[in-house]
Amino acid sequence: MLAYHVEWHLREALAPLLFHDTDLEAARGQRTSPVAKTEPSEKAKAKKATKRSADGHHVMSYNALIAHLGTLVRNTMRVPLHTKHRFTLHSKPTSLQEAAFKLLDLDPLRVQ
């Protein structure tokens, strides 16, 4: 249950970068009957047609975004001649990863 709860919160926070309809209340307001199916809002239709968010980032499915966030890594490097000397090398986040972490209010270095 905890995993589903965390996923629900992640989907809500990352909705601008996903194919989710972020303007659902406006779409519900346009329907003629409360039992009629809600059509996607204009923002959702534009997002689906262009595959871009309002701020220009690629829009993708939740699973694809989580997989893309998983490419952010921390590598511990070792110098071959001096095996005791090690240093940490952090990968640079992409603009999409930076946008996702900004929506989640997280520092990318703290999650690597």
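Quick look at the structure, then. (Residues numbered from 1 in each chain as written. Predicted model: local features only at pLDDT ≥ 70, side-chain atom pairs only at ≥ 80, totals over all residues. Heavy atoms only, no water.)

### Observations concerning the packing of aromatic side chains
The final tally for this structure, using the stated rule, is zero aromatic pairs. Here the guanidinium or amino end of Arg11 rests over the ring plane of Tyr62, the centre of that ring lying 4.2 Å away. (Phe/Tyr/Trp six-rings, centres within 6.5 Å; stacked < 30°, edge-to-face > 60°. Lys NZ or Arg CZ within 6 Å of the ring centre and 35° of its normal.)

### Remarks on unusual backbone geometry
If you check the backbone angles, Lys51 has positive phi at about 55 degrees while not being a glycine. On the secondary structure map, Lys51 appears in the loop between α3 (42-50) and α4 (62-69). (Helix = DSSP H or I, 4+ residues; strand = E, 2+ residues; numbered from the N terminus.)

### A short note on the side chain of Ser53
Along the chain, the position of Ser53 falls in the loop between α3 and α4. In terms of polar contacts, Ser53 uses its side chain to reach the side chain of Asp55, at 2.4 Å. In this view, Ser53 contacts Pro16, Leu17, Lys47 and Val59; residues no more than four positions away in its chain are not counted. (Polar contact = N/O pair within 3.5 Å; in protein donor to acceptor, adjacent residues only side chain to side chain. Contact = heavy atoms within 4.5 Å.)

### Concerning the environment of Pro34
Considering the arrangement of structural elements, one finds Pro34 in the loop between α2 (24-29) and α3. Pro34 sits in the exposed class, given a relative accessible area of 70%. (Buried < 20%, exposed > 50% of the residue type's maximum accessible area, 1.4 Å probe, protein only.)

### A look at the nonpolar core
If you look at the biggest cluster of nonpolar residues, it comprises twelve residues: Leu14, Leu17, Leu18, Met60, Tyr62, Leu65, Leu69, Leu72, Leu96, Ala99, Ala100 and Phe101. Counting residues per element, the ones that place at least two in this core are α4 and α5 (95-104). Setting aside chain neighbours within four positions, we find Leu18 in contact with Arg11, Lys47, Val59, Met60, Ser61, Tyr62 and Leu65. (Core = buried A, V, L, I, M, F, W, Y, C linked by side-chain atoms within 4.5 Å.)

### Comments concerning the side chain of His57
Along the chain, His57 turns up in the loop between α3 and α4. Each residue touching His57, except ones within four places of it in the same chain, is listed here: Leu17, Lys51, Arg52, Ser95, Leu96 and Ala99.

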